[in-house]
There are 2 protein chains.
Amino acid sequence: MPTDEAESGETLEDHVQQDGRDCVAAVDIGGTSLRIALADTTGDVVAEQSASTVGVRDAAAVIEMIRCGVIGLLGQSGRSRGNLCAAAAGAPGITDVDAGVVIATSYLMGWRRVPLRNLLETALEVPAAVENDVNLGAIGEQWRGAARNVRDFVFLAIGTGVGAGIVLDGKLFRGTDWSAGEIGYMLVPGTSTDPVADGDAGNLESLIGGEGIRAQWQKLWDAGGLDLPRDLRATEVFDQVRAGSLPAAAVLQQSARLLAFAIYNMWIMFNCPLFVLGGTVGMHPALLESAQSSLRKLCGAAAPDLAMSALGTQAQLHGAIRLALDRADAVRRDGI
Amino acid sequence: MPTDEAESGETLEDHVQQDGRDCVAAVDIGGTSLRIALADTTGDVVAEQSASTVGVRDAAAVIEMIRCGVIGLLGQSGRSRGNLCAAAAGAPGITDVDAGVVIATSYLMGWRRVPLRNLLETALEVPAAVENDVNLGAIGEQWRGAARNVRDFVFLAIGTGVGAGIVLDGKLFRGTDWSAGEIGYMLVPGTSTDPVADGDAGNLESLIGGEGIRAQWQKLWDAGGLDLPRDLRATEVFDQVRAGSLPAAAVLQQSARLLAFAIYNMWIMFNCPLFVLGGTVGMHPALLESAQSSLRKLCGAAAPDLAMSALGTQAQLHGAIRLALDRADAVRRDGI
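Definitions and limits used
Residues numbered from 1 in each chain as written. Chains lettered and ligands numbered in written order. Predicted model: local features only at pLDDT ≥ 70, side-chain atom pairs only at ≥ 80, totals over all residues. Heavy atoms only, no water. Contact = heavy atoms within 4.5 Å. Buried area = accessible area lost by both parts, 1.4 Å probe. Salt bridge = Lys/Arg side-chain N within 4 Å of Asp/Glu carboxyl O. Polar contact = N/O pair within 3.5 Å; in protein donor to acceptor, adjacent residues only side chain to side chain. Helix = DSSP H or I, 4+ residues; strand = E, 2+ residues; numbered from the N terminus. Nonpolar A, V, L, I, M, F, W, Y, C, P; charged D, E, K, R; others polar. Buried < 20%, exposed > 50% of the residue type's maximum accessible area, 1.4 Å probe, protein only. Pairing = 2+ DSSP bridges. Axes fitted to C-alpha atoms, helices over the stretch in contact; angles between N-to-C directions. Expected span 1.5 Å × (residues − 1). Least-squares fit on C-alpha atoms with pLDDT ≥ 70 in both. Core = buried A, V, L, I, M, F, W, Y, C linked by side-chain atoms within 4.5 Å. Parallel < 35°, antiparallel > 145°, perpendicular 65-115°, else oblique. Left-handed = near helix turned anticlockwise from the far one by under 90°. pLDDT = per-residue confidence, 0-100. Right-handed = clockwise from strand over helix to strand, strands pointing away.

*Asks:* In this structure, what is going on with the interface of chain B and chain A? I would like to understand it.
*Replies:* It is common to report an interface's size as the accessible area lost on association of the parts. With 37 residues of chain B at the contact, the number on the chain A side is 37 residues. Summed over both partners, the interface of chain B with chain A comes to about 3000 Å²; 61% of that surface belongs to carbon and sulfur atoms. Ranking the residues of chain B by area buried against chain A places L187, M269 and N271 of chain B at the top, with a combined share of 22%. Viewed at the interface, chain A and chain B are joined by zero salt bridges. Applying the counting criterion to the chain B and chain A interface returns 20 residue pairs in polar contact (both at pLDDT 80 or more). Elements with a minimum of two residues in the side of chain B that touches chain A: β10 (162-168), α9 (246-270) and α10 (285-299) of chain B. Each residue belonging to the side of chain B that touches chain A can be placed in one class, and the counts come to 21 nonpolar, eight polar and eight charged.

Here it is in structure tokens:
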């Protein structure tokens, strides 16, 4: 809904329908960083920036960073606020895209029922849309990444958290309460079967998310005899496999095996031919290779493809560009 | 496609558009039995029959049983072939509903690429439709069973086999190769992680399908000291729980726990509020109660509903009635 109508006498719909509006703003709100891009109406990025959000939890503060960032990028590309058509943002949490509300995010942000779409529309004075960040990654990969022309696929984001964006019959599937794809909670052979307390990592996530892999490594280290540092990030552990570390290879193999079990379960359930791996941990080539090998053993010749994200850490941002372009189109077409 | 056009000079479409056509034929082809129903245009059953298909594997023989059965039921209800609008059949296997072909069934039938829709249309001289039997169960429960007015739900059929009919955004989700919902293969804590050979029961199915539960019981029996028969069916084992058998209670608890893990995995993936349990094993009240209890421990207050099939062993047949009515409607409306 327009929120600036009373002041400017102009609706958000009027904005998009005016000439000269030649770009959209796309925002990826992460637990530790905020990425913003301006894209032209073909979706090509004309300017972008990234800033740290460490210590910034308050939604109003994040919105102010977005407002200033967008104005800065407009200036950098020789544009003004009058050039903006629409905006879209992804947040790391359960998002009601109809209401435009982020229902809940993880402990990093701690958001509860934040009306992100309204806040963006007020701050940027253009129509906006919001979506869960992993779902945006799936949209990005479908639009211009590894899942072009694939009707059914799953985008797996493995970083600190583990989640899936599920595209079925060509469309995102979000579930009754907007939380489909919470595969970090999956139970597979090797995970604990204990109930997960509110705010804790899911049973699969606590083993194959970034922190889970660190913990696997530290457990081996604590057992003694390792000549590598105790404090390695997940990707650093995987890097050590190529350098010949057997304990690192054991952590990789265990993680890849659990990941393959999870993918196998999604495969038999969705019968989809493609899984796209994204996120800092998910995009490590050693993990992909080892998971592919475990998966082939389970599935035989019918094994689905396991592809690395083609857009990398930009997948969500590209998804947000697509969403902002769609929002601008919808306003032009239907006035909504 | 009409196959009798040349002979009768009348297309299948002409059939439906003529007056006096007041019923549809619905068929549930099972591994051991064949059920046929005639229903009026409101979907009410006017006549039905069931016959054994033990030893009948050949598709032509099954079609002949269907043809004779339908003619018999038409006669019983004071009708003739001219009264039939359309037909639909469910088969226990992967079914390409667009092509009308049963791609593969289990060892019980051994069908490979059977053009079931064409065979039905030729035999019954009316437009026909085909579908996987578990999917038909889901359609039945959605239409007039336990899942009325529920947008996202899963129908779980647990008998000899274990499979799921998945309804998302109100529609069946079938997957890229028509084999979504093959949850008998799911890997959960407690299942084997060995690859499954072609034609063998899936890792979950081999524990909680009818034969799997028998095998669990026989394993306990072989360990000695049980005063009940070794040869009990799954439902008979569950019946013994109420009679106070501790070994039977152990088999029930283990089966219910594995089932709860599988439902939990589907729940976090689909975020759907309802699971409907069908099939002879799945409908045992002791299994439902024990699985519900395990599930509540895992999910807490947010646990999805676990409901017993409202249509029981008739779920598939009711789904077939709905499908046949839809087929007749489509022909009337669009001539397809």
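More follows now that the structure is in view.
*Asks:* Got a minute to help me understand the pairing of strand β1 (residues 23-29) of chain A in this structure?
*Replies:* Regular strands place side chains that alternate from one sheet face to the opposite one. Residue and element names in this part refer to chain A. Taking burial as the measure, the seven residues of β1 include seven buried ones, the bulk of the element. Going residue by residue along β1, you find C23, A25, V27 and I29 tucked away on one face and V24, A26 and D28 tucked away on the opposite face as well. Bridging between β1 and strand β4 (residues 84-91) involves six bridges; their strand directions are parallel. Residue pairing in the sheet places A26 in a bridge with A88 of β4. What sits between β1 and strand β2 (residues 33-40) in their antiparallel hairpin is a turn of three residues.

*Asks:* I would appreciate a short explanation of the sheet that holds strand β13 (residues 305-308) of chain A in the present structure.
*Replies:* Note: strands within a sheet are paired through backbone hydrogen bonds, in either parallel or antiparallel orientation. Residue and element names in this part refer to chain A. Strand order in the open sheet formed by five strands is β11-β10-β9-β12-β13, and the pairing between neighbours is mixed. In this open sheet, the two edge strands, each paired with only one partner strand, are β11 (171-173) and β13. Strand-to-strand twist across the sheet, computed as the mean angle between neighbouring axes with direction ignored, equals 30 degrees. Where strand β12 (residues 274-278) meets β13, four bridges bridge the pair, whose relative direction is parallel. Its bridge partner lying in β13, V276 is registered against A307. Where helix α5 (residues 133-144) meets the sheet, it contacts β9 (153-158), β10 (162-168), β11 and β12, and its direction lies at approximately 50 degrees from that of β10.

*Asks:* Where do I start with helix α7 (residues 210-222) of chain A in this structure?
*Replies:* Given 3.6 residues per turn, any residue in an α-helix points the same way as the ones three and four places further on. Residue and element names in this part refer to chain A. Here α7 is 13 residues long and its end C-alpha atoms lie 18 Å apart, about the 18 Å a rise of 1.5 Å per residue gives. Among the residues of α7, G210, G212, I213, Q216, W217 and Q218 are the ones counted as buried. Contacts made by the buried residues of α7 are with α6 (205-208), α8 (234-242) and α9 (246-270).

*Asks:* What am I meant to see in the environment of R35 of chain A here?
*Replies:* All names here are of chain A. On the secondary structure map, R35 appears in strand β2. For R35 and T53, which are 18 residues apart along the polypeptide, the C-alpha to C-alpha distance reads 9.8 Å. Apart from residues no more than four positions distant in its own chain, R35 is found in contact with A26, V27, D28, Q49, S50, T313, Q314 and L317. A distance of 3.2 Å separates polar atoms of two side chains, one belonging to R35 and the other to Q314.

*Asks:* Help me understand the relation of the copies chain B and chain A, please; the structure alone is not making it clear to me.
*Replies:* There are two copies of the chain, and a rotation about an axis plus a shift along that axis relates them. Mapping chain B onto chain A leaves a residual RMSD of 0.0 Å; the transformation is a rotation of 180 degrees accompanied by 0.0 Å of translation along its axis. The superposition operator between the copies reduces to a two-fold rotation axis. A shared interface surface links the copies, since 100% of the contact residues of chain B are contact residues in chain A too.

*Asks:* Would you mind showing me how to read the nonpolar core here?
*Replies:* As a rule of thumb, nonpolar side chains are buried together in soluble globular proteins. Core analysis: the largest hydrophobic core is formed by 102 residues, its most contacted members being L156, M266 and F270 of chain A together with L156, M266 and F270 of chain B. Setting aside residues no more than four positions away along its own chain, F270 of chain B makes contact with F173, G175, T176, A180, M269 and F270 of chain A together with V154, I166 and L168 of chain B. Within the second largest apolar cluster, 31 residues are counted, among which are V56, L74, A91 and L116 of chain B.

*Asks:* Just checking my understanding: could you explain the environment of D177 of chain B for this structure?
*Replies:* Residues and elements named next belong to chain B. Mapped onto the fold, D177 is located in the loop between β11 (171-173) and α6 (205-208). Assessed through its relative accessible area of 48%, D177 is described here as partly exposed. For the pair D177 and R233, spaced 56 residues apart in the sequence, the C-alpha separation amounts to 33 Å.

*Asks:* Looking at this structure, how should I read the pattern of salt bridges?
*Replies:* For side chains bearing opposite charge, pairing can occur when the charged atoms are close. One pass over the full model with this rule turns up 30 salt bridges over all chains. Between E121 of chain A and R327 of chain A there is a salt bridge; the shortest N-O distance is 3.3 Å. Taken together, the positions of E121 of chain A in helix α4 (residues 116-124) and R327 of chain A in helix α11 (residues 315-334) put the pair 206 residues apart, joining distant regions of the chain. A salt bridge links E131 of chain B to R174 of chain B; the shortest N-O distance between them is 2.7 Å. In this pair, E131 of chain B is assigned in strand β8 (residues 128-132) and R174 of chain B in the loop between β11 and α6, connecting sequence segments 43 residues apart. Three or more residues joined by partner-sharing salt bridges are found here, namely R151, D152 and D169 of chain A.

*Asks:* Could you clarify how one ought to interpret the side chain of N135 of chain A in this entry?
*Replies:* All names here are of chain A. As for its placement among the helices and strands, N135 is situated in helix α5. Overall, the relative accessible area of 6% leaves N135 in the buried class. In terms of polar contacts, N135 uses its side chain to reach the side chain of E131, at 3.2 Å.

*Asks:* Got a minute to help me understand the packing of helix α7 (residues 210-222) of chain B against α9 of chain B in this structure?
*Replies:* Any two packed helices are characterised by how steeply their axes cross, that is the angle between the axes, and by the distance between the axes. Residues and elements named next belong to chain B. Relative to each other, α7 and α9 sit at 140 degrees, their axes nearing to 10 Å. With respect to each other, α7 and α9 are oriented oblique. For the pair α7 and α9, the sense of crossing is right-handed. Residue-level contacts link I213, Q216, W217 and L220 of α7 to P247, A248, V251, Q254 and S255 of α9. Of the residues in the contact of α7 with α9, the class split is six nonpolar, three polar and no charged.

*Asks:* Would you mind showing me how to read the confidence of the model for chain A here?
*Replies:* Predicted coordinates in areas of low pLDDT are best not read in detail. Averaged over all residues, the pLDDT of chain A is 93; the fraction at 70 or higher stands at 93%. Per-residue pLDDT stays below 50 along residues 1-8 of chain A; that stretch engages in 15 contacts with residues further than four places along the chain or on separate chains.

*Asks:* I would appreciate a short explanation of the sheet that holds strand β6 (residues 101-105) of chain B in the present structure.
*Replies:* Residues and elements named next belong to chain B. If you walk across this open sheet you meet the three strands as β5-β6-β7, and the pairing is antiparallel. Strand pairing shows two members of the sheet lacking a second neighbour, β5 (93-96) and β7 (112-114), which therefore form its edges. Averaged over all pairs of adjacent strands, the angle between their axes in this sheet comes to 25 degrees, without regard to strand direction. Pairing of β5 with β6 involves four bridges; the strand directions are antiparallel. Note on β6: the bridge partner recorded for I94 is A104.

*Asks:* Explain the packing of α7 of chain B against helix α8 (residues 234-242) of chain B here, please?
*Replies:* All names here are of chain B. Their axes nearest at 8 Å, the elements α7 and α8 cross at an angle of 55 degrees. If you check the angle between α7 and α8, you find them oblique. Between α7, through G210, I213, R214 and W217, and α8, the contact on the second element is made entirely by A234, V237 and F238. Per-class residue counts for the contact of α7 with α8 are five nonpolar, one polar and one charged.

*Asks:* Whenever I open this one, the pairing of strand β12 (residues 274-278) of chain B confuses me. Can you help?
*Replies:* Residue and element names in this part refer to chain B. Of all five residues that make up β12, five are buried, and the element is covered over most of its length. Taking every second residue as pointing to the same face, both faces of β12 are buried, with L274, V276 and G278 on one and F275 and L277 on the other. Of the pairings in the sheet, the one linking strand β9 (residues 153-158) to β12 comprises five bridges and is parallel in character. Each residue of the ladder has a partner; that of A157, found in β12, is G278. Crossover connection from β12 via α10 to parallel strand β13 (residues 305-308): handedness right-handed.

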